[in-house]
Each structure stands twice: as structure tokens, then as C-alpha cells.
Amino acid sequence: MKGKHLIEPGDFSIEELDDLFSLAEKIMENPSAFTEVCRGKILATLFFEPSTRTRLSFEAAMLRLGGSTLGFAEPNASSTAKGESLADTIRTVAAYSDIIAMRNPKEGAALLASQYSEKPIINAGDGGHHHPTQTLTDLLTIRTIKGTTSGLTIGLCGDLKFGRTVHSLAKAMARYPGNRFVLISPPELEIPDYIINRVFKPAGVSFSRVQQMEEVLGDLDILYMTRVQKERFFNEQDYIRLKDSYILTLDKLRLAKKDLCVLHPLPRVNEIAPEVDSDPRAAYFLQVQFGMFVRMALIARVLGYEGGKK
Ligand code: CP
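This write-up is about the structure you can find in this document. (Residues numbered from 1 in each chain as written. Predicted model: local features only at pLDDT ≥ 70, side-chain atom pairs only at ≥ 80, totals over all residues. Heavy atoms only, no water.)

**A few points about the pattern of salt bridges**
Where charged atoms from two side chains of opposite charge come close, those side chains can pair.
Right, on to step 1. A full pass over the atoms with the stated rule returns 20 salt bridges.
Right, on to step 2. Notably, a salt bridge pairs Asp221 with Lys257, separated by 2.9 Å at the nearest N-O pair. Placement of the pair is Asp221 in the loop between β7 (206-210) and β8 (222-225) and Lys257 in the loop between α9 (250-253) and β9 (261-263), with a sequence separation of 36 residues.
Right, on to step 3. Exposure remark for Asp221: the relative accessible area of 12% places this residue in the buried category.
Right, on to step 4. Taken together, the shared-partner salt bridges in this structure form one network comprising Asp18, Glu25 and Arg143. (Salt bridge = Lys/Arg side-chain N within 4 Å of Asp/Glu carboxyl O. Helix = DSSP H or I, 4+ residues; strand = E, 2+ residues; numbered from the N terminus. Buried < 20%, exposed > 50% of the residue type's maximum accessible area, 1.4 Å probe, protein only.)

**A look at the environment of Tyr284**
Right, on to step 1. Mapped onto the secondary structure, Tyr284 falls in helix α10 (residues 284-302).
Right, on to step 2. A relative accessible area of 1% means that Tyr284 is categorised as buried.
Right, on to step 3. Along the chain, Tyr284 and Leu263 lie 21 residues apart, while their C-alpha atoms are 4.9 Å from each other.
Right, on to step 4. Within polar-contact distance, the side chain of Tyr284 engages the side chain of Asp277 at 2.7 Å. (Polar contact = N/O pair within 3.5 Å; in protein donor to acceptor, adjacent residues only side chain to side chain.)

Here you go:
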């Protein structure tokens, strides 16, 4: 994995993913054994869009590995505000750092950045396209709670059109055998056709579409809730009409299996009532914790750390 870019979930093989999860598990068991792994290395975080979890977990991950960080949390604090191109920004930051995590509102921005950088580019979200490190987080959470990433019935609920975490998770989970998807959304927020035609159908993945969460809750092993992505709507009236399409409550959870795993990439707005947080099936804050450890594993491997291999 040394020197590799991570732009979308298919960039790493299943074997590489297994190695990352296994390293993340080792880090969780004994974090103090990894405090020197990235000593002298610098992570740049270039965030052209807001973030709490992704940026701070990347920075915490690098600091816990003994490395340092630099970057910006919003583009107006950089020369982007003066009209500098992304290509020039990346060429510049690559001269100062060893690895770059970038979030950008434009789909394809991370791929473009990778074409101008000799240092590894990690896509921390490109518009409504992909968010592969959220997927690493999601897969590690599923693997830990369910003991497998195969043979699961996965409900994806909410904004399946603009939700980049959904696109990345669908692409990643379609690679494991026996997974089945239930796509729960209003017609206006259906998953993009390319996921159906270029991901599910070629892999022979079974899927169904419904509009009512209650119809399918009892069938699911995983329920992946998502926020309606206000920032991607062209029309505020449409956002207001759709934003509360799904609200998971304890009352609805009575329809679900006892071992359902409820995930959410966060931030949430209204789509999961706070009363659900104390239900043992709610795993979204555990997901947050796993995010930092899997990013530690990713940074370490991409920067050439070879320890902890089977
Ligand atoms: N899940 C996620 O990407 O959260 P942030 O937008 O806070 O980084």
C-alpha cells in the first residue's frame, strides 16, 4: 500500500482491506506500541468543505502515530480565495508534506489532485461522489459487530442520491459475497443509476427499493441511516419537503431484529431520534471511535509501515 492514493473504495484489494482492519485492531488493542510509527512525517489536511469527524480523526490519527499535521479547514484561509487552481495548491502542499487528506465539494477533485501529486492523496469526500475512509470506518464497525462483512441484508436509508458515504459503502459491500441491499428513499433521492448498472448488476448483487422504512425493518442486519444533504440541493423548497422523510425512533425499532446494527456516518440532523442512542443496537458513536483507528492504520501503511502483517 506504500505510496498509494485512495480515491474510491475499489482502489484497495480485499486483501489490503483485511490487512488494514487487522492493523487497526492491533492498534486498538495496544495504541502505545504505535506512537513512533510516523515520527518525522507530516499529514496535510486540505478541507474545502466543513468537517468534524473526518478532519479531526485524520489529525488525531497522525498525532497518535507520532507525526505532525498542517493544513486548512476552510478554503478562504488559503490562496484558493485568490483564485489559485487545485492543481497548483496540491503541487505546493505536496512539497511540504508526506501524505494529503483532501475534502472538496467537486466530484472528481481527489482524482484530479492525485494526478498532480507525488505524495499519496486520500479522498476525504469529493462532492456527492465518494468518501472511502468513511467506508473503511463502516466496514471495520460491521466486521467487529457482525463478525463478517458477507451474507448481510443492508438497508441504506435516506438521501441515497447525494450521500457519498452510501455510494462508497454500496460499492465496497458489493465486493463481498451474499450481501443484499434494501434501498429506502423517496423517489427524488434514489441511488444513482451508475451504482445499479455498474456496481450491483455486474456483480449479481440482489437489491430492492422501497419508500417506507417500516416495511423492511424486520429483514435488516444493518440499517445505514443518512442525513439529507442540504448543501447539494439546488432548491431549498425541495430540501424542506424531503429533509424529514425518515426518522428512526424507538417505536419503529420495535419492528427490527434484536441484533440489528444501526449505523450513521454522522452528522445527523433529525433522522435518528436521540432516544435511540441508548438502544444497544445504536452503533454510530462506536463507528466514530473506529474511524480514528482505521485512519491510523491507513496512514501507517500508505507511509510504508510494514509491522503487524500476518
Ligand atoms: N462522517 C463524516 O464525514 O463526518 P464529517 O463531515 O464531520 O467529517
